[in-house]
Amino acid sequence: MANKNLSRAKAAKKDEFYTQLEDINNELRYYTEHFRGKTVLCNCDDPRVSNFFTYFAYNFKFLGLKKLITTCYKNQDMDLFSQNKCESAVYLEYMGDKNGNSIPDAEEIGVKSLKGDGDFRSKECIELLKEADIVVTNPPFSLFREYVAQLMEYDKKFLIIGNLNAVTYKEIYPLIENNKMWMGASIHSGDRKFWVPDDYKLEAAGCGIDETGRKYIRVKGVRWYTNLDYKERHDYLILYKNYLPELYPQYDNFNAINVGKTSDIPCDYDGVMGVPITFLDKYNPEQFEIVGLTQIGCHDKCPDIKKYNDYKEYITATDELTGASGGKTNENAVLKGKGEKKTYYKGPNGEIVHSEYKRLLIRKRQ
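Residues numbered from 1 in each chain as written. Predicted model: local features only at pLDDT ≥ 70, side-chain atom pairs only at ≥ 80, totals over all residues. Heavy atoms only, no water.

(A) Expanded view of the packing of aromatic side chains. Applying the stated criterion across every chain yields a total of 15 aromatic pairs. Ring centres 5.6 Å apart and planes at 75° place the aromatic pair Y31 and Y230 in the edge-to-face group. Here Y31 is found in the loop between α2 (21–28) and β2 (39–42), whereas its partner Y230 is found in the loop between β12 (222–226) and β13 (257–258), with 199 residues between them in sequence. Centroid distance F279 to Y283: 5.7 Å. Interplanar angle 45°. Geometry classified as tilted. Residue F279 is classed as buried on the basis of its relative accessible area, which comes to 0%. (Phe/Tyr/Trp six-rings, centres within 6.5 Å; stacked < 30°, edge-to-face > 60°. Helix = DSSP H or I, 4+ residues; strand = E, 2+ residues; numbered from the N terminus. Buried < 20%, exposed > 50% of the residue type's maximum accessible area, 1.4 Å probe, protein only.)

Now the structure itself:
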């Protein structure tokens, strides 16, 4: 569905998705105390089209901002979506209302030319990044790893949008484990609506054209990522389930039990547990410790204790061999039995196992 559109966009490096004002407002209300006296940079936006510019410009006084800077990519028309047809670009600077009408008028917005194309990696855009205190934007999903790496290199505070699966990237997961980045407050489920340029092909269900004539798509698994703290992040998850071995099977290759849903985390189990990555929506670093993530080989605190190179893969529905070895399930969360996935694995002595989806390995803090 919408995720197919996202995959196609990533493959074509065409993922200029424009965030809805409602989603921005719902998230930013948790962080107002962070912005007073700060310079905010939105460096992946078409300035006047971007709802990030709209939010910060119209809330400039309320937030107590010092300056707002927005840049765009290969565009010199500040009132249009980028067509990526211009090899140079512009950026906007807004220092607040000057004429007392509480509206960011055109004469109050400084439009400045960039020598280059406005790519966030360019030297002149990095200079703008150095000037900023907080970065807030929706970076291209295809460049998420590189974008976050730059924020970390320059030690910036940030609030950005990304896909939930970014948690599993080898470049991103260590930041999550070490509490250098975490999930935002407002989006925990469902899909989100994003505007797209006029030449974007609407091929998936749920896409369309809104009442203003703008094209939009819906993308599943969207999350805010940030290193700005907020009160709700420290709320304790209420645990009420009791541990029973038959309800929480032990992994075949980890000294950990499988927990199918975050709400099922047992209140009376102190060992390592494998939970879905959506657990991060409820993660309180004072209540839980993240000790690993399956499939990316960085679980030193809970190492895998078994490999499956001598196993063979079978199709669950037909019990036919696929021709693949069990080595492909190494470092997955593996349980005994066929399971409900499309394939399972059989060992040299007839042992049968199947892999679960990616799991975060966690334990309660004492």
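From this point, the discussion proceeds with the structure in view.
(B) The arrangement of the pairing of strand β6 (residues 134–137) in detail. In β6, alternate side chains face the same way, and those of I134 and V136 on one face and V135 and T137 on the other are all buried. Relative to β6, β2 is paired through 2 bridges, and the arrangement is parallel. Within the sheet, the bridge partner assigned to L41 lies in β6 and is V135. In this sheet, strand β7 (residues 157–163) lies alongside β6 in parallel orientation, the contact comprising 4 bridges. (Pairing = 2+ DSSP bridges.)

(C) Focus on unusual backbone geometry. Although it is not a glycine, S102 sits at a positive phi angle of roughly 60°. Here S102 falls in the exposed class, since its relative accessible area comes to 54%.

(D) Fine view of helix α3 (residues 51–58). Along α3, 6 of the 8 residues are buried, which leaves the element largely enclosed by surrounding structure. Inspection of α3 places N51, F52, F53, Y55, F56 and A57 among the buried residues, and these make up the whole buried set. At the N-terminal boundary of α3, the capping side chain belongs to S50, with an oxygen 3.0 Å from the backbone nitrogen of F52. (Polar contact = N/O pair within 3.5 Å; in protein donor to acceptor, adjacent residues only side chain to side chain.)

(E) Representation of the sheet that holds β6 within the structure. Taken in spatial order, the 8 strands of this open sheet run β5-β4-β3-β2-β6-β7-β12-β8, and their pairing is mixed. Since the sheet does not close on itself, it has two edges, and those belong to β5 (109–114) and β8 (182–183), each with one partner.

(F) Expanded view of the layout of surface pockets. Computed from the structure, the second largest pocket encloses a volume of approximately 280 Å³. Around the second largest pocket, the lining comprises 18 residues; the ones closest to its centre are E232, R233, D281, K282 and Y283. For the lining of the second largest pocket, the class distribution of residues is 10 nonpolar, 3 polar and 5 charged. (1 Å grid on protein atoms, 1.4 Å probe; cavity = no way out; pocket = protein on both sides within 12 Å on 5 of 7 lines; lining within 4 Å. Points joined across faces, edges and corners; volume = space filled by probe spheres on them. Nonpolar A, V, L, I, M, F, W, Y, C, P; charged D, E, K, R; others polar.)

(G) Here's a closer look at the pairing of strand β3 (residues 67–71). Most of β3 is tucked away, with 5 of its 5 residues classed as buried. Here β3 shows two buried faces, one formed by K67, I69 and T71 and the other by L68 and T70. In the sheet, β2 pairs with β3 via 4 bridges, with the strands oriented parallel. Of the residues in β3, the one forming a bridge with V40 is L68. By the bridge criterion, 4 bridges tie β3 to strand β4 (residues 89–94) in an arrangement that is antiparallel.

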